[in-house]
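Chain by chain, the residues run as shown.
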Amino acid sequence: MAEVMLGTATAEAVALAGEPAITPELVREHNLTVAEYERILELLGRVPTLTELGVFSALWSEHCSYKHSRPILRTFPTTGPQVVQGPGENAGVLRLPDGWAVAFKVESHNHPSAVEPYQGAATGVGGILRDVFTMGARPVALLNSLRFGPLDVPRNRYLFAGVVRGVGDYGNCVGIPTLGGEVAFAPGYTGNPLVNAMCVGLLRAGDLIRARAEGTGNVLLTVGARTGRDGIHGASFASEELSAASEARRPQVQVGDPFTEKLLLEASLELITSGLIVAIQDMGAAGLTSSSAEMAARGGVGVEIDTGLVPTRESGMTPYEILLSESQERMLVVAEPARVDEISAVCARWELTATPIGRVTDDGIFRVTHHGTVVAAIPGQRLVDDCPVYHPEARESEEVRARRTMAAPAVEIGPEEALARLLGTPNLASKRWVYEQYDSTVQAATVIAPGGDAGVIMVPGTEFGLAVTLDCNARLLALDPYEGGKAAVAEAARNIACTGARPLGITDCLNFGNPEKPEVFFQFREACRGISDACRAFGTPVTGGNVSFYNESPTGAIDPTPTIGMVGVLERAADRVGSHFAEPGDRICILGVTVGRLGGSAYWAELVDFVGGAPAPVDLEAERRLQELLVAAARDGLLRSAHDCSEGGLAVALAEAAMGASYAEHPLGAAADLTGYGDGIAPDALLFGEDGARAVVSLAEGALGALAELAARHGVPLFRAGAVGSAGGALSIVAGGRTLTWDTRHLRRTWLDAIPRRMRHADLDRTTGA
Amino acid sequence: MSYRVHVRVMPRTGLLDPQGQAVEHALAALGFAGAGDVRVGRAIELELAADSPAEAESEARRMCERLLANPVTEDFELEVEAR
Amino acid sequence: MSRRVAVVRFPGSNCDADALRAAQLVGAEADYVWHRDTSLGGADVVILPGGFSYGDYLRSGAIARFSPIMAAVRSHADAGGAVLGICNGFQILCEAHLLPGALMRNAGLSFVSRPVPVTVERTTTPFTSAYAPGARLTLPVAHGEGRFAATVDVARMLEAEGRVVLRYAKGDPAAEPGNPNGSAHDIAGISNAEGNVVGIMPHPERVVSPLLGSDEGLGFFTSFMAAGTATPPMESMSR
């Protein structure tokens with residue numbers, strides 16, 4: 001390799017004065033392997049310039065190329081009558097009633113959030129918003145899935161507080177309601193917090209625009225913020241030549257500007273709906289490089305960019321820096337030359353500038369010039385498509401295999417204390433402390449706010465509603481990635497169906513450790529197989545998403561965490577069903593079967609610190625029947641509440657429904673008698689087992705017959721468990737011949753206060769401890 | 001001895017400063033045409049007991065590093081004034 | 001009878017569409033007015049909506065008050081025309097000195113988004129006449145800077161002149177305290193002396209149909225529909 005590298009660049013692209021020579025060290029610092037570099041030499045027929053090396057490094061990174069995941073991602077089901085746009089665009093799009101469509105996507109911003117939680121999370125929200133509005137959709141909901149190490153570690157509290165504030169400040173300012181999501185805590189996330197943000201947008205199906213550069217001679221424009229040295233891949237700066245650079249030239253944290261984002265949102269939608277532009281894409285990861293190269297490759301054209309024309313925030317930026325900058329709130333637009341003035345006028349109205357920086361060419365070359373010098377010239381299609389694809393070895397960890405058959409230590413406390421303690425753990429506690437920092441009612445369309453099974457919004461001017469959720473139980477995946485992958489989709493679908501909505505499709509954010517480790521790749525492959533099988537069974541195709549590998553730090557790797565973002569449609573928004581018991585005296589029913597499997601349960605994990613046993617296998621047919629029953633019952637107006645039964649089992653589901661909604665004045669309590677349901681199951685397994693395909697519903701006594709008939713027709717077992725209590729009433733459950741009783745006011749206080757009491761001084765936690 | 005510590009925390013050089021940018025635009029809109037490169041930070045003052053100005057300064061520096069400024073996104077300057 | 005409503009859009013307004021829809025829902029003829037415009041286009045009622053005008057950088061509302069449209073809003077208010085500022089709109093009205101006091105960072109230092117119980121204290125305004133005096137409503141708040149602050153004299157004057165329009169009410173004793181941000185005198189909304197200019201932190205435009213949880217906010221919009229075309233000063237209060 002050393003010999004080939006001694007040559008100088010051909011006339012097609014020229015190294016700039018003072019640019020370092022391409023050495024094996026420099027190649028390595030760009031995270032390119034020897035084989036990958038050889039492929040670059042073969043592809044170019046010469047040694048790359050530094051700028052070209054940077055471009056390859058960015059586009060052939062895991063983040064842009066999916067080089068370890070692509071073969072697996074291809075196995076996802078991606079088609080269906082509802083699919084308008086599957087994977088491969090900025091966001092997936094599904095058909096809705098009345099000529100509407102929904103664009104949605106989830107993406108990770110894990111590493112930036114570990115470095116700077118506030119800005120990392122804020123810019124994560126900004127990026128996902130742009131992915132959705134560049135499809136021509138107006139963002140109507142945000143969700144986020146957050147994971148941290150345990151809250152007794154000060155650094156974890158600092159990260160949690162900073163991330164929540166960053167998510168909130170950004171979404172609140174742009175004016176997008178945050179409708180739900182999840183927050184979980186487990187040791188593997190210490191040092192590896194996960195910040196996954198999902199955005200859902202609405203569009204008229206006819207306004208859909210794709211990020212495809214077309215039309216030789218068309219102009220490329222940047223719209224929005226200026227380009228600074230934010231988030232530039234650090235590698236090149238480690239080289240000898242640049243190490244003497246000033247402090248200010250070091251790579252910088254990306255700072256979000258939600259105000260500019262809001263202007264960009266309005267300007268972009270105006271540009272799209274007025275038909276002034278051909279294509280638009282966010283300059284996200286790898287900035288101008290990936291947005292221009294990907295748009296060109298999709299359109300099968302070449303592009304030529306003059307980095308000297310790109311408006312910069314600092315002087316003296318090199319083409320390398322301009323191409324790889326990850327400055328936020330920037331768009332790349334393709335338009336006919338005749339439209340440039342009108343585009344500038346729209347942007348000016350929104351206090352933004354649009355600057356022509358290049359053009360679409362017919363030679364298929366990704367070409368970059370800088371004040372007249374060609375600094376990069378790469379066959380564009382091959383730049384995007386020729387990244388090597390890897391098929392890593394997959395092997396299940398012996399340790400995980402053993403943990404599935406390990407016996408749990410005895411839980412020494414009784415079920416009464418167990419439930420109270422579970423509700424006081426951060427994992428099962430109310431997340432009100434989190435979502436009170438998010439505006440959940442802006443846009444005046446929120447039908448079900450955070451705190452329920454799924455968020456629901458109405459679509460003004462129509463009858464229908466949209467349900468959205470983001471879910472994953474990583475503990476199940478840690479023990480059995482295949483069943484856990486199925487369970488994540490099943491839980492998301494149950495949450496959607498509990499509101500009365502029919503699941504439509506998913507987006508996924510696949511967070512894993514290092515895929516080059518066989519144990520990790522096994523988790524990835526099996527989790528994806530589980531997700532695929534569940535999506536096929538439910539008819540909910542995968543419309544896109546994001547893969548985040550290498551979530552490992554010296555303190556360990558994360559649990560496999562593929563978060564599933566799902567959308568569903570409620571034919572009539574008015575049919576929506578809440579999660580909490582609503583009327584004193586209503587009847588309570590349990591839908592589905594309890595076997596009492598405690599493998600991977602919160603009961604064992606939280607009370608005896610045991611993550612083990614085999615998780616309940618997911619019966620996809622039973623899940624589908626339950627979903628259909630819930631949707632039908634809501635449509636017939638039979639239900640007053642429906643709540644998914646998952647983490648913490650039946651006891652937690654009953655308690656949550658009985659404690660009441662986040663702002664209920666009184667918990668209603670409930671009296672449930674499980675005699676005749678799950679007889680022969682040990683009381684703790686009956687109460688806290690985490691079998692799937694179950695829901696706790698309440699309804700008026702008069703509707704009981706109709707629901708029983710409907711359940712029978714759908715093949716879903718229905719058990720009449722008891723009745724809703726009255727204001728301030730107790731929760732009582734008869735299980736195993738014993739009557740267990742809880743004071744719901746006390747439970748509610750424990751449940752509401754569990755997170756705030758741990759977070760009181762979180763701002764002081766930045767530097768205290770690990 | 002008691003010292004008055006003046007801390008000035010500013011966004012790190014090179015980092016985007018959305019606040020400064022918005023104020024700059026507003027100033028221009030109000031006709032202050034000569035204003036440019038606006039940056040917005042914050043000032044903190046505190047009373048500090050220490051044996052010497054040097055000790056006060058090093059103590060204040062530790063406060064900045066640990067709490068008052070976020071080293072990832074902010075720079076700080078301090079001034080120690082004897083009372 | 002038809003009433004014309006102007007919803008002012010500043011860069012960063014994000015409750016503009018919500019306010020427009022609520023006004024249309026009660027039958028008003030509602031349109032947007034751009035911050036760079038200089039005329040309200042003959043509107044009877046002006047709404048400054050919520051949001052983060054100019055990002056709320058510097059201070060909430062501090063930059064928006066200098067927008068060209070604000071001169072027209074001031075003339076409209078001076079002539080006795082109805083002006084409602086919601087959330088960021090309230091902040092702008094204070095920065096523009098159309099209302100006294102200021103809205104400062106919440107006492108809890110965090111953004112707070114939740115439904116809060118409030119009582120309607122003044123019903124002699126074009127936005128609250130549809131409510132019974134003392135009516136108790138639950139309205140959503142969503143703000144980071146909503147703590148009403150004023151000098152002791154100003155606060156006393158507001159109380160003495162009956163200019164507190166909305167006040168945070170105590171919820172169930174077991175539940176959270178009603179005041180979500182530490183506002184002086186539990187103030188959630190005030191008016192000018194004449195009552196034609198009203199600023200409130202809660203968002204009535206977000207609760208205008210049972211599907212949205214309740215329609216208790218509708219009264220803010222039906223009030224001005226019933227108020228008649230001439231909009232005389234509702235009531236003159238001498239200082």
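Every chain begins its residue count from 1, and numbering advances along the sequence as written. Working convention: letters from A go to chains and numbers from 1 go to ligands, in the order in which they are written. The model is predicted, so local features are restricted to residues of pLDDT at least 70 and side-chain atom pairs to those at 80 or more, both for listing and for counting; the totals for chains, interfaces and linings are taken over all residues.

Colleague: Describe in detail the overall build of chain C, supporting the description with residues and values.
Modeller: Strands are runs of DSSP state E lasting at least two residues, helices are runs of H or I lasting at least four, and both sets are numbered from the N terminus onward. Summing up its helical and strand segments, chain C has 5 helices and 11 strands in all. The C-alpha atoms of chain C give a radius of gyration of 16 Å, which matches the 18 Å a tight globule of 239 residues would have. If one aligns the C-alpha atoms of chain C with their principal axes, the spans along those axes are about 50 × 40 × 40 Å. We take the radius of gyration over the C-alpha atoms and set the globule estimate at 2.2 Å times the residue count to the 0.38 power.

Colleague: Break down the overall build of chain B for me, with residues and values.
Modeller: Across its full length, chain B carries 2 helices and 3 strands. Counted from the first residue to the last, chain B has its helices and strands arranged as β-α-β-α-β. In terms of C-alpha radius of gyration, chain B reaches 16 Å, well past the compact-globule figure of 12 Å for 83 residues. Its C-alpha atoms put chain B at 50 × 25 × 15 Å along the principal axes. With C-beta atoms placed from the backbone, the exposure class of a residue follows from how many other C-beta atoms lie within 10 Å of its own: 20 or more, buried; 12 or fewer, exposed; in between, partly exposed. Per-residue burial for chain B yields a buried fraction of 23% across its 83 residues. By the convention adopted here, residues are in contact when the distance between their C-beta atoms, placed from the backbone, does not exceed 7 Å. Relative to all contacts within chain B whose residues are 6 or more apart in sequence, the contacts with residues 24 or more apart total 68%.

Colleague: Pulling in residues and values, what's your account of helix 13 (residues 340-349) of chain A?
Modeller: Residues and elements named next belong to chain A. Along helix 13, the residues classified as buried are Ile 343, Val 346 and Cys 347. The buried residues of helix 13 occupy an angular sector of 95 degrees when projected down its axis, which confines them to one face. With respect to the buried face of helix 13, the exposed residues turned more than 90 degrees away are Asp 341, Ala 345 and Ala 348. Each element contacted by the buried residues of helix 13 is listed here: strand 7 (219-224), helix 10 (258-273), strand 10 (330-335) and strand 11 (354-361). Directly after helix 13, the chain includes Glu 351, whose backbone phi takes a positive value near 60 degrees. Starting at the helix axis, one direction is taken to each C-beta atom, and the arc is that of these directions.

Colleague: Residue-level account of unusual backbone geometry, with values.
Modeller: Comment: phi is negative for the bulk of residues other than glycine, and the bulk of peptide bonds are trans. The backbone of Glu329(A) sits at a positive phi, close to 55 degrees, despite the residue not being glycine. Within the secondary structure, Glu329(A) is located in the loop between helix 12 (319-324) and strand 10.

Colleague: Tell me about the sheet that holds strand 6 (residues 112-120) of chain C, and please be specific about residues and values.
Modeller: Residue and element names in this part refer to chain C. With mixed pairing, the 9 strands of this open sheet are ordered in space as 2-1-3-4-11-10-9-6-7. Each edge of the open sheet carries a strand with a single partner, namely strand 2 (29-34) and strand 7 (136-143). Along the sheet, successive strands turn relative to each other by an average axial angle of 25 degrees, direction set aside. As paired elements, strand 4 (residues 82-86) and strand 11 (residues 197-200) share 4 bridges and run parallel to each other. Directly across from Val 83, in strand 11, lies its bridge partner Val 197. For two strands to pair, DSSP has to find at least two bridges joining them. In this analysis, axes come from line fits to C-alpha atoms, helices being fitted only over the stretch in contact, and the angle between any two N-to-C directions falls in the range 0 to 180 degrees.

Colleague: Got a sec to walk through the interface of chain A and chain C? Specific residues and values, please.
Modeller: At the junction of the two partners, chain A supplies 28 residues and chain C supplies 28 residues. If you list the elements that add at least two residues to the side of chain A that touches chain C, you get helix 8 (154-174), helix 10 and strand 14 (446-448) of chain A. Asp, Glu, Lys and Arg are counted as charged, while Ala, Val, Leu, Ile, Met, Phe, Trp, Tyr, Cys and Pro are counted as nonpolar; the rest, among them Gly, fall into the polar class. Taken together, the residues that form the side of chain A that touches chain C break down as 14 nonpolar, 8 polar and 6 charged.

Colleague: Lay out the packing of helix 19 (residues 481-498) of chain A against helix 22 (residues 620-635) of chain A in plain terms, naming residues and giving numbers.
Modeller: All names here are of chain A. Where helix 19 contacts helix 22, the axes come no closer than 8 Å and their chain directions differ by 15 degrees. As judged from the angle between their axes, helix 19 and helix 22 are roughly parallel. Crossing hand, helix 19 versus helix 22: left-handed. The residues of helix 22 that touch helix 19, namely those facing Lys 486, Ala 490, Ala 493, Arg 494, Ala 497 and Cys 498, are Leu 620, Glu 623, Leu 626, Gln 627, Leu 630 and Val 631. Here the residues of the contact of helix 19 with helix 22 sort into 8 nonpolar, 1 polar and 3 charged. Comment on the angle field: the value is read as roughly parallel under 35 degrees, roughly antiparallel over 145, roughly perpendicular from 65 to 115, and oblique elsewhere. We call a crossing left-handed when the near helix sits turned anticlockwise from the far one by less than a right angle, and right-handed when that turn is clockwise.

Keep in mind these values describe shape, not function.
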